[in-house]
Amino acid sequence: MARTLESGEDIMMDEIERHMLLVSSSGERLLSEAFERLPDPLGLIEGPSVREMRLIALNGAATRIVGLTRERALGRGLQQLLPPSRQDWFFGSLARCLASGEAWSYRTTLALPQGRRYLEVSLTPLAASATGHRRVLLHGRDITDVRRLQEQLDKHERIYRAAVESSHYTIARYDRQCRRVFANAEFIRSAGVPLAELLDKTPLEYPGGPAMAAYQGAMQAVLAQGEPDEYELRWQDSKGSEHCTLIRLTPEFDEDGEVVSVLSVGHDITEAARYRHHIHRLAYYDTLSGLPNREQFYTRLRQTLAQADTREGWVGLLLLDLDRFKVINDSLGHVAGDTLLQETAGRLSEYLVDSGFVARMGGDEFAILLPGLDGREVLNGWARAVLELFEEPYLLMGRELVVSASIGIALYPDDSLSADDLIKYADSAMHHVKDNGRNGYGFYERGLTIGLTERMSLEAELRKVLERGELELYYQPKVDLLRERITGYEALLRWRHPSLGLLTPDRFIGIAEETGIIVEIGGWVLRTACEAAVRWSRGGWTDFTVAVNLSVRQFLEHDLAGEVGAILVETGCRPEWLELEITENLLLEDRDETRATLGQLRDLGLKLAIDDFGTGYSALNYLARFPIDILKIDRSFVQGIGRDESSEKLVRGIVSLARSLQSCWWPKGWRPPGRRPICGR
């Protein structure tokens, strides 16, 4: 029974051993199959020492990479497989690997017929063989594609860095605290300081200032919102030079989608900004005075009225026009006129810098906007203060000149809620002041608009007056009081208006002067007066003159001497019959053109007279410089004779002056009965 039991146990042990052998054999087959099928190259080396190790196993992937068959590779020593230049390095590294018992990796390159391959090889120490030989598993990984991709990335990185460093754009990177962590060469050059002074600083820390505070705020918004933005930055470099940069702020994200930094790419638009500013100045500022122009004033006026509407405040509009500016401009020249306008602009802007808005509307007209007023009464003080600015004489072309101004005032909302109406009403008030003596101010009244409409209508009709034949000349006699006889006539212009009747020059000559129509009208007056002189001569009267007034514009803006000469020839009028009257204002400056024209008229044989003598701005020395034949004493002096001792003395002085210059003199205005005949030729 015992033997039978032992026999059964033996049979069981045999079965177990046979099963274990089968399992072992099956596991080896699985390992062998896995070793062969793995896509990575695998090899097994074995030997009693490092330098005696041989290759004992090689999978298919390895044979394909190294280009060797198993027959040629297996059993060969490492000294046969490795190049001599690499053997010492490899065996030294292998010895350290075996001594430590830890895996070791390295990268190598294989030059194969199909091309260069890059491998990452791991050496893993294994248990010794039954014979006591050391074993090492070689595991290779083909990193050729990865290596080439990395090389491409490195190449692109180099190109990118080169582009960034050589770019004409300023490029910088800022972290979440807006500290500068990178700056390219152009950024460093523009800043004008070393890189060390730029890094780890916020824009507010360097270069600092209000503009950088706003820029840093825009950057913080990009960091918070994760949306790109554009920002136009005006800043100063270390030398104080002004720059303008258009910056693109782009958020940069980490793998979790969080904004970690901002890339700032800036393009220098300094020149474009300057050009844009120049265009803006041309569009909205007057080039002569530097003040805002009409366009900007209209914009500012509408904005101010809108604000006043919400705040229930008053707004004052003052239109200011220089008195007799055209006379000064025509007589002293455009340079003097420009200087006068520039100094006026300076006085107004300096006085109103903190209280109002001043603009040049064109010509010699300025506009003043006064917001936030308490009512109409305060405008009286403002208007008087502005007029006081003109009490100080101007220095023009080396001489002092006192210039006055006329101001028209309109008030919002009392006069109108419309910006256009306010300007129109202030203009009406200003012209009313001019028509009533100038050098003052006046508020708009409803009846003034009618006068402005009439003025516009007269201007339109005046352009057709010659075509319609509506002008007429009347002749006022000039009397020699001592001889009690008529010595000639003065041609007086009248306009027989179809609906307004007979108009005197004070109703339309100013408009003709402003519009330039006076040149054409003046030519008609000259021709008509010469034709009248010829008719009188046919009656046997030849010892006379007919006097014709010339405007400054007529005198300066075309060939007056040539026109007069042609009219004399065409009409047959003798030169000694014609007397031309000019105003003192024309002679304010000793201009070559004025002297030449007067000389040409004198050469034609004409007489030259100064009208309204004693009312101009000029000094008396012009009487010695210009060829003047006759002084016509202004009516305001003559009317005082017999009643005002001062006027009488003044007239006697003018008479003495005329005699000393061997000139004739005439008092303007007819002698009333009872007046002493103290004046004569």
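Where an unreviewed UniProt entry is consulted, the protein appears under the name GGDEF domain-containing protein, with the organism given as Zobellella endophytica.

In terms of helices and strands, the protein carries 24 helices and 25 strands. In the protein, buried positions account for 43% of the 681 residues. Long-range contacts, defined as pairs at least 24 residues apart, comprise 58% of the intrachain contacts of the protein with a sequence gap of at least 6.

Once that is clear, we can look at the pairing of strand β1 (residues 42–47). Most of β1 is tucked away: six of the six residues are buried. Where burial is concerned, the two faces of β1 agree: the one with Leu42, Leu44 and Glu46 and the one with Gly43, Ile45 and Gly47 are both buried. Where β1 meets strand β5 (residues 134–142), six bridges bridge the pair, whose relative direction is antiparallel. From the neighbouring strand, Gly47 faces β5, where its bridge partner is Arg134. Sheet topology places β1 next to strand β2 (residues 54–58); four bridges connect them, and they run antiparallel. Residue pairing across strands places Glu46 opposite Arg54, the latter belonging to β2. Here β1 folds back onto β2 in antiparallel fashion, the turn holding six residues.

On to the pattern of salt bridges. Across all of its chains, the model carries 26 salt bridges by this definition. For Asp88, the salt bridge is made with Arg51, and the minimal N-O distance between the two is 3.2 Å. One end of the pair, Asp88, is in helix α5 (residues 84–100); the other, Arg51, is in the loop between β1 and β2, with 37 residues separating them in the sequence. With its nearest N and O atoms 2.7 Å apart, the salt bridge here joins Glu576 to Arg574.

Counting 40 residues, the largest nonpolar core has Leu462, Ile521, Leu526, Val564, Leu578, Leu580 and Leu601 as its most contacted members. Here this core gets nine residues from one element, more than from any other, and that element is helix α18 (residues 517–538). Each residue touching Leu580, except ones within four places of it in the same chain, is listed here: Leu526, Val548, Leu550, Val564, Leu601, Leu606, Lys607, Leu608 and Ala609.

A word on the side chain of Thr571. As for its position among the elements, Thr571 is in helix α20 (residues 560–571). Classification of Thr571 by relative accessible area gives buried; the value is 14%. One polar contact links the side chain of Thr571 to the main-chain amide nitrogen of Cys573, over a distance of 3.4 Å. In this view, Thr571 contacts Arg527, Cys530, Glu531 and Val534; residues no more than four positions away in its chain are not counted.

Thresholds applied
Residues numbered from 1 in each chain as written. Predicted model: local features only at pLDDT ≥ 70, side-chain atom pairs only at ≥ 80, totals over all residues. Heavy atoms only, no water. Helix = DSSP H or I, 4+ residues; strand = E, 2+ residues; numbered from the N terminus. Buried < 20%, exposed > 50% of the residue type's maximum accessible area, 1.4 Å probe, protein only. Contact = heavy atoms within 4.5 Å. Pairing = 2+ DSSP bridges. Salt bridge = Lys/Arg side-chain N within 4 Å of Asp/Glu carboxyl O. Core = buried A, V, L, I, M, F, W, Y, C linked by side-chain atoms within 4.5 Å. Polar contact = N/O pair within 3.5 Å; in protein donor to acceptor, adjacent residues only side chain to side chain.

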